[in-house]
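Observations on chain architecture
In case you want the letters, here they are:
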Amino acid sequence: MRVQDLLDRLEGVRPRGAGKWSARCPAHQDNGPSLSIAERMDRILVHCFAGCTPEAIITALGLGLRDLFMDAPLSQRQRATLLPQTLDLTAIAFQFDLAALDRRLRAEQVLTAVAAFTGEGIEDSQRNRLVKAVVRAYRDRERAELFEGVADALRVMAYEERIARHAA
Ligand SMILES: [Zn+2]
């Protein structure tokens, strides 16, 4: 059954966003719209907020539970528009590369400055700040390595996915 066939049998139907409706529940004395209807890939979901079971709802409409399943499976194209776009792993990997590079540059900047620093006439408070900056620089380097690792793993996944698609 198509979702429209179900909606036609209900009262007080209102759209609630893409593939979602509310209506008066046919299985109990419903003054407000207690029933929510949602269209999924291959079936229709019904939920009564007053607690009626899907079976009670569908029976009240003179239908069976199997009517909640859609007649024809969706075409490949319909499926593609319903499913979230497959993640572009290569693009995500690139984002990790950029984040890694950003941290590497920041770390190098600090460490180069510190290496050139003689340490003469430095006050305690300044020394503390310097130490903190160096610690952060090393942490940036670690984080960069981590991000590069993630980027590599994502590229491997993207590669394997491509192979799998070609094999299918
Ligand atoms: Zn109900």
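The structure this text deals with has already been given above.
Residues numbered from 1 in each chain as written. Predicted model: local features only at pLDDT ≥ 70, side-chain atom pairs only at ≥ 80, totals over all residues.

1. A short note on the overall build of the chain
In terms of helices and strands, the chain carries 5 helices and 4 strands. For the chain, the succession of helices and strands along the chain, N to C, is α-β-β-β-β-α-α-α-α. Across the 168 residues of the chain, 16% fall into the buried class. Looking at the chain alone, contacts between residues at least 24 apart form 52% of all its contacts between residues at least 6 apart. (Helix = DSSP H or I, 4+ residues; strand = E, 2+ residues; numbered from the N terminus. Buried ≥ 20, exposed ≤ 12 C-beta atoms within 10 Å, placed from the backbone. Contact = placed C-beta atoms within 7 Å.)

2. Brief notes about the nonpolar core
Within the largest apolar cluster, 14 residues are counted, with the highest numbers of intra-cluster contacts made by Cys 25, Leu 35, Ile 37, Val 46, Cys 48 and Ile 57. Only β2 (20–24), β3 (35–39), β4 (44–48) and α2 (54–60) provide two or more residues apiece to this core. (Core = buried A, V, L, I, M, F, W, Y, C linked by C-beta atoms within 7 Å.)

3. Thoughts on the pairing of β3
Bridge count between β2 and β3: 4 bridges; the pairing is antiparallel. Across the sheet, residue Lys 20 finds its bridge partner in β3, namely Ala 38. Relative to β4, β3 runs antiparallel, the two being bridged by 5 bridges. Pairing of Ser 36 across the sheet is with His 47, part of β4. Turn length for the β3-β4 hairpin, with the two strands adjacent in sequence and antiparallel, is 4 residues. (Pairing = 2+ DSSP bridges.)

4. Digging into the sheet that holds β4
The strands that make up a sheet pair up through hydrogen bonds in the backbone, lying either parallel or antiparallel. Here 4 strands make up an open sheet; going across it, the order is β1-β2-β3-β4 and the pairing antiparallel. Since the sheet does not close on itself, it has two edges, and those belong to β1 (11–15) and β4, each with one partner. Within the sheet, the average angular offset between the axes of one strand and its neighbour, ignoring direction, is 20°. (Axes fitted to C-alpha atoms, helices over the stretch in contact; angles between N-to-C directions.)

5. Observations regarding helix α5 (residues 124–167)
Across its 44 residues, α5 extends 64 Å between first and last C-alpha, which sits within 8% of the 64 Å expected from 1.5 Å per residue. Within the span of α5, buried status applies to Ala 137, Asp 140, Ala 144, Phe 147, Ala 151 and Leu 154. Looking at the packing, one finds that the buried side of α5 touches α4 (89–115). (Expected span 1.5 Å × (residues − 1).)

6. Considering the packing of α4 against α5
In contact at an axis separation of 7 Å, α4 and α5 are set at 160° when each is read in the N-to-C sense. When the axis of α4 is compared with that of α5, the two are roughly antiparallel. The way α4 lies across α5 gives a crossing that is left-handed. For the contact of α4 with α5, a count of residues per class yields 21 nonpolar, 1 polar and 10 charged. (Parallel < 35°, antiparallel > 145°, perpendicular 65-115°, else oblique. Left-handed = near helix turned anticlockwise from the far one by under 90°. Nonpolar A, V, L, I, M, F, W, Y, C, P; charged D, E, K, R; others polar.)

7. Some thoughts on α4
Three- or four-residue spacings in an α-helix give side chains the same orientation, since the helix completes a turn every 3.6 residues. Its 27 residues give α4 an end-to-end C-alpha distance of 38 Å, which sits within 8% of 39 Å, the value for a rise of 1.5 Å per residue. All of the buried residues along α4 are Ala 93, Phe 96, Ala 100, Arg 103 and Ala 107. Elements in contact with the buried residues of α4: α5.

8. Some details on the environment of Leu 45
Along the chain, Leu 45 falls in strand β4. C-alpha separation for the pair Leu 45 and Lys 20, spaced 25 residues apart in sequence, amounts to 9.4 Å. Those residues within four positions of Leu 45 in sequence are excluded, and the remaining contacts are Ala 38 and Arg 40.

9. Structural notes on the environment of Ile 92
Residue placement: Ile 92 occurs in helix α4. A count of 16 C-beta atoms within 10 Å places Ile 92 in the partly exposed class. Considered as a pair, Ile 92 and Arg 155 are 63 residues apart in the sequence and their alpha carbons are 8.9 Å apart.

Take it as geometry only, folks, not as evidence of what the structure does.
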